[in-house]
Amino acid sequence: MFHKFANPARFQRLSKAVEPWVLAAAVLTLLPGLYFALFSSPVDYQQGHTVRIMYIHVPSAWMALFCYTVMAVASAVALIWKHPLADVGAKSIAPLGAAFTFLALITGSLWGKPMWGTWWVWDARLTSMLVLFFLYLGYISLRGAFDDPARGARSAAILALVGFVNVPIIKFSVDWWNTLHQPASVIRMDGPTIHPDMLLPLILMAVAFKLLFVWLVLLKMRAELMAQRVRVLRHRQAAA
Amino acid sequence: MMGAVAVFRREMRLALRQGADSAMVVAFFVIAVVLFPLGIGPEPNTLAKIGPGVVWVAALMAAMLSMERLFQADYEDGSLELLTLAPMPLEITVLAKIAVHWLTTGLPLIVVSPLLAVMMNVPADGWPVLIASLALGTPILSLLGAVGAALVLGARRGGVLLSLLILPLAVPVLIFGAGAVDAALTGGNAKVNLLLEGAMLLGCLALCPWAAAAAVREAVA
C-alpha cells in the first residue's frame, strides 16, 4: 500500500482528481469560518475586536508546527526508504511552512502592539517561533545550494530531522517558561478553556487552513513532479 | 579504539602545524568583543551589563568562523572518502575530529575569555561562571557545527549557509550560557542554567556524531 502510492504517475492522477474537492471543502469552511471570526463571534471583554486576529494567528501557528512535523516525517521516509514522493512532499511543504510561520509572527506582532504595548518581546514562544522560521529558511537554502538536486535533497532531509528538536520546545515553551505569551487554551489535558462561541470559529478556521494546506501541497507536488520531468527531458535533449 | 586515536593524532598534528587557524579564531574573538565598547561607548555599568552576552555572542561567531574547515580540506583532497571507507565507524572518526576542533578552537576561547571579561568590566564574581558556561557551551558549538559543516560540503557559498543553518540551533546554548553569568551577577541561580547547558551537551554528544556522520556519507557518496 505504501509502495503503491510511491508511483509518481499514479500520484499525479490521484491528486488531480482529489484537488478540486479539497479546494471546495477549503472554501466551504473558510467562508463561514471568516464570517464567524470577523463578524458573528463575541467581542472579548478585555481585548475588544482585537481578539479577531487570534482566528488567523492561532491556526497559522498550529500549521507552522504541523508543517514542520510533516516535513520531518517526510524527510525521514525519504532518507530511510528512498521514497521519491516523500522527498517531493518535503520540498513542497517547506515554503508553505515558512509562510505560515511568517503569518503567525506578523499577526502576533500586530496583536501585540495594542495588547502588550509592543510589537515584539523576546519571550520563549516568540523566540522559538523565530528560530523555526530560520530553520525553514535554512532548509530551503540548503536544498538550493547544490548543483546536484539529489544531494541537496538528502542534506536538507538530515537538517529537517536535526531541526525537529525545536518543535516540542515551541509547543511547551509557554508551560516551561514564565512568559508573556499566554499558555495553551485549546489543546490541553483538562479540555479547552476557551469559550465555545470562540472555539467554533477557531476550529472552522483551523480546518480551513489545513484543507488549504493539503490543496496547496498537492498542487505544488504535482508541479514539482512536472518540473522534474521537464528537467529529465532537457537533459535527454542535450545529450542527444 | 586504535583507529580513533590515530585519527585524533592526525587531526591534532594537522591543526597544530598550521596553528594560524586557532590564532585567527582567537584574534577574531578578541576583536569582535573589543568593537562593542567602541561602538556602544565605554560607560562601565553598561559594559558590565552587556559583557557576558557580548562575550558569548562573539564566541558563537568565532566558533562558526572556524567550523567550515572541519571537513573541507579532507573533502577536497579525498581523504574524507578514505576515512568513510575505513573499517571503523564513521561516527567515531567524526567524534575524534570534533574533539580536536574543540581543543584547538573552543579551548583557546575559554582561556582568553577572563581577559575579555575584565575588559568588559564584568565583576569578578561572574568570571568562574563565565568560564564554566563556556566550557560546557563551546563543545556543543563544535558538535552542532560539525553537523552543519558536513551538510554544506560541496555547497555553493558553504560558509554563509553554515551560519544560517547552525546559528538558530545554537540559540538555546547562547541563552543559557549568557543567562548563567547574568544569574550569578544578579543573585539568581546560575546552577540551573549550567545544568541545562550540561544536559544539552550530553544530548548533542549522543546525537550530533550520528547526524554529522550521515551527512558526511551523503557528501562523499
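Conventions adopted
Residues numbered from 1 in each chain as written. Chains lettered and ligands numbered in written order. Predicted model: local features only at pLDDT ≥ 70, side-chain atom pairs only at ≥ 80, totals over all residues. Helix = DSSP H or I, 4+ residues; strand = E, 2+ residues; numbered from the N terminus. Buried ≥ 20, exposed ≤ 12 C-beta atoms within 10 Å, placed from the backbone. Contact = placed C-beta atoms within 7 Å. Axes fitted to C-alpha atoms, helices over the stretch in contact; angles between N-to-C directions. Parallel < 35°, antiparallel > 145°, perpendicular 65-115°, else oblique. Left-handed = near helix turned anticlockwise from the far one by under 90°. Nonpolar A, V, L, I, M, F, W, Y, C, P; charged D, E, K, R; others polar. Expected span 1.5 Å × (residues − 1).

Peer 1: How do you make sense of the overall build of chain A when you look at a structure like this?
Peer 2: When helices and strands are tallied, chain A shows 7 helices and 0 strands. Secondary structure elements of chain A, listed N to C terminal, follow the sequence α-α-α-α-α-α-α. Seen through its C-alpha atoms, chain A measures out along the principal axes to roughly 70 × 35 × 30 Å. Evaluated residue by residue, chain A yields a buried proportion of 38% over its 240 residues. Within chain A, residue pairs in contact and separated by at least 24 positions form 76% of the contacts whose partners lie at least 6 positions apart.

Peer 1: Sorry, what's going on with the packing of helix H1 (residues 8-38) of chain A against helix H7 (residues 196-239) of chain A here?
Peer 2: Residues and elements named next belong to chain A. Where H1 contacts H7, the axes come no closer than 7 Å and their chain directions differ by 155°. Between H1 and H7, the interaxial angle falls into the category roughly antiparallel. Remark: the crossing between H1 and H7 carries left-handed chirality. Its residues assigned to classes, the contact of H1 with H7 comprises 24 nonpolar, 4 polar and 3 charged.

Peer 1: Would you mind going over unusual backbone geometry with me for this structure?
Peer 2: Located in the positive-phi region is Lys82(A), a residue other than glycine, with phi close to 55°. Tracing the sequence through the fold places Lys82(A) in the loop between helix H2 (54-81) and helix H3 (84-116). For Lys82(A), a count of 11 C-beta atoms within 10 Å puts it in the exposed group. One non-glycine residue, Asn121(B), lies in the positive phi region at around 65°. Tracing the sequence through the fold places Asn121(B) in the loop between helix H6 (90-119) and helix H7 (126-151). The class of Asn121(B) is partly exposed, set by 17 C-beta atoms lying within 10 Å.

Peer 1: Explain H2(A) to me, please; I cannot follow it from the model alone.
Peer 2: An α-helix turns once per 3.6 residues; consequently, residues spaced three or four apart project the same way. Here H2(A) is 28 residues long and its end C-alpha atoms lie 40 Å apart, about the 40 Å a rise of 1.5 Å per residue gives. Just past H2(A), the residue Lys82(A) takes up positive phi, approximately 55°.

Peer 1: It is not clear to me how the packing of H6(B) against helix H9 (residues 190-220) of chain B should be interpreted in this structure. Could you clarify?
Peer 2: To describe two helices that pack against each other, one gives the angle between their axes and the distance between the axes. All names here are of chain B. Packing of H6 against H9 leaves a shortest axis separation of 9 Å and a crossing angle of 110°. As far as their axial angle goes, H9 and H6 are roughly perpendicular. Residues Leu90, Glu91, Val94 and Leu95 of H6 form the contact with H9, whose participating residues are Pro209, Trp210, Ala212, Ala213, Val216 and Arg217. Looking at the contact of H6 with H9 residue by residue, the class counts come to 8 nonpolar, no polar and 2 charged.

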